[in-house]
Amino acid sequence: MKRKRQIIIQIILIAIFGLLLFDRSRLYRTPQEFLRANEKGLHYGPSDKILLEGEYTDGYLLVIGKIGDDALSIGEGKRKLLFFWGMPGGGFTGYRPISEDKAVMAEYLERFHMVVGLTNNKDIEEVEFKLFVGRDHAATERARVDEDGFFMVRLDDGLIEKYKESENDYVWFYPLEIKGFDKDGNLIYEELT
């Protein structure tokens, strides 16, 4: 009887220490936990709503939350230990607000080959922006704006390959000259930079 009791106590202690170590490992069970933990670590948030969540390239996770009406929280994670999520190398994209003097923000996410953005102008139904690589105009893209003011455009692989000089090069696009259109297609916002 004494031996069984010792084994049970040891199993319980191993479980408790295992949970404590897991809690400190910076691994998360869900994408929402991953985003919330990183927001807490960077002292902002929490996100009011998750706008986008998905696994896009080579096991990388993208989670985008909305904070208030004028900021995005962008989290890039990587699958670790089978079904947990953790930080990839390169850090956490984090808090991306709309500037005070603007109504739209757009951000290029290199790992996912997409541009995401947010508008706080409720009349904007569609946005158009030009993508630049350095000083070169690479493309003009249009995106529908959802009810939360969020928009997203996945870039064509051919466009990315066109600007790569070698296989290991990164291509960084800058979304500039953003325009906003209302439901009738009328230009109601223009940001020239």
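To be clear, the structure that these remarks concern was listed above.
The text that follows walks through the structure, step by step, so that each part is easy to find. What you are looking at is a predicted structure, and each value in this text was computed from that prediction instead of being measured. (Residues numbered from 1 in each chain as written. Predicted model: local features only at pLDDT ≥ 70, side-chain atom pairs only at ≥ 80, totals over all residues. Heavy atoms only, no water.)

Let's talk about the sheet that holds strand 9 (residues 136–144)
Here's step 1: Spatial strand order, 9-8-11-12: 4 strands in an open sheet with antiparallel pairing. Of all strands in the sheet, those bounded by a partner on one side alone are strand 9 and strand 12 (187–191). Ignoring which end each strand starts from, the neighbouring axes of this sheet average 20 degrees apart.
Here's step 2: Where strand 11 (residues 174–181) and strand 12 come together, 4 bridges link them in antiparallel fashion. Looking at strand 12, one finds that Lys179 is bridged to Glu190. (Pairing = 2+ DSSP bridges. Helix = DSSP H or I, 4+ residues; strand = E, 2+ residues; numbered from the N terminus. Axes fitted to C-alpha atoms, helices over the stretch in contact; angles between N-to-C directions.)

What about the side chain of Glu39?
Here's step 1: With respect to the element layout, Glu39 can be found in helix 2 (residues 31–41).
Here's step 2: Of the buried charged residues, Glu39 lacks a salt bridge, with Arg36 as the closest side chain of opposite charge at 4.0 Å.
Here's step 3: Separated by 2.4 Å, the side chains of Glu39 and Ser47 make a polar contact.
Here's step 4: With sequence-adjacent residues up to four places away left out, Glu39 is seen in contact with Tyr44, Gly45, Pro46, Ser47, Ile67 and Ser73. (Buried < 20%, exposed > 50% of the residue type's maximum accessible area, 1.4 Å probe, protein only. Lys, Arg positive; Asp, Glu negative; His and termini not counted. Salt bridge = Lys/Arg side-chain N within 4 Å of Asp/Glu carboxyl O. Polar contact = N/O pair within 3.5 Å; in protein donor to acceptor, adjacent residues only side chain to side chain. Contact = heavy atoms within 4.5 Å.)

So, the side chain of Glu110
Here's step 1: Examined against the element boundaries, Glu110 turns out to sit in the loop between strand 6 (104–109) and strand 7 (114–119).
Here's step 2: No salt bridge is formed by the buried Glu110. Its closest oppositely charged neighbour is Arg111, at 5.9 Å.

A few points about a nonpolar patch on the surface
Here's step 1: Among the surface-exposed residues, Ile8, Ile9, Ile12, Leu13, Ile16 and Phe17 lie close enough to one another that they form a single nonpolar patch of about 570 Å² accessible area.
Here's step 2: On the secondary structure map, Ile12 appears in helix 1 (residues 2–24). (Patch = residues over 30% accessible without salt bridge, like charges linked within 9 Å, V, L, I, M, F, W, Y side chains within 5 Å. Areas by Shrake-Rupley, 256 points an atom, 1.4 Å probe, with all protein chains shown as cover.)

What about helix 2?
Here's step 1: Buried residues of helix 2: Pro31, Phe34, Leu35, Asn38 and Glu39, and no others. Down the axis of helix 2, the smallest arc covering the buried residues is 125 degrees, so these residues share one side. Exposed positions of helix 2 whose direction lies more than 90 degrees from the buried face are Lys40 and Gly41.
Here's step 2: On the buried face of helix 2, the contacting elements are strand 1 (49–55), strand 2 (60–67), strand 3 (71–80) and strand 4 (84–86).
Here's step 3: Directly after helix 2, the chain includes His43, whose backbone phi takes a positive value near 60 degrees. (Arc of directions from axis to C-beta.)

Structural notes on the environment of Gln32
Here's step 1: For Gln32, the position within the fold is in helix 2.
Here's step 2: Separated by 32 residues in sequence, Gln32 and Ile64 have C-alpha atoms that sit 9.4 Å apart.
Here's step 3: Those residues in contact with Gln32, other than ones at most four positions away along the chain, are Ile50 and Glu53.

Thoughts on the packing of aromatic side chains
Here's step 1: Evaluated as defined, the whole model comprises 4 aromatic pairs.
Here's step 2: Here Tyr44 and Tyr95 contribute two aromatic rings whose centre-to-centre distance is 5.2 Å and whose plane-to-plane angle is 55 degrees, an arrangement assigned as tilted. With Tyr44 in the loop between helix 2 and strand 1 and Tyr95 in strand 5 (residues 94–97), the pair connects residues that are 51 residues apart, well separated along the chain.
Here's step 3: One aromatic cluster in this structure is built from Tyr108, Trp172 and Phe173.
Here's step 4: In this structure, Arg142 packs its charged tip against the face of Phe181, placed 4.4 Å from the ring centre. (Phe/Tyr/Trp six-rings, centres within 6.5 Å; stacked < 30°, edge-to-face > 60°. Lys NZ or Arg CZ within 6 Å of the ring centre and 35° of its normal.)

Regarding unusual backbone geometry
Here's step 1: Look at His43: it is not a glycine, yet its phi comes out positive at around 60 degrees.
Here's step 2: Given a relative accessible area of 73%, His43 falls into the exposed group.
Here's step 3: We note that His113 has phi near 50 degrees; this positive angle belongs to a residue other than glycine.
Here's step 4: By the element assignment, His113 lies in the loop between strand 6 and strand 7.

Limitation: the analysis is restricted to geometry and does not speak to function.
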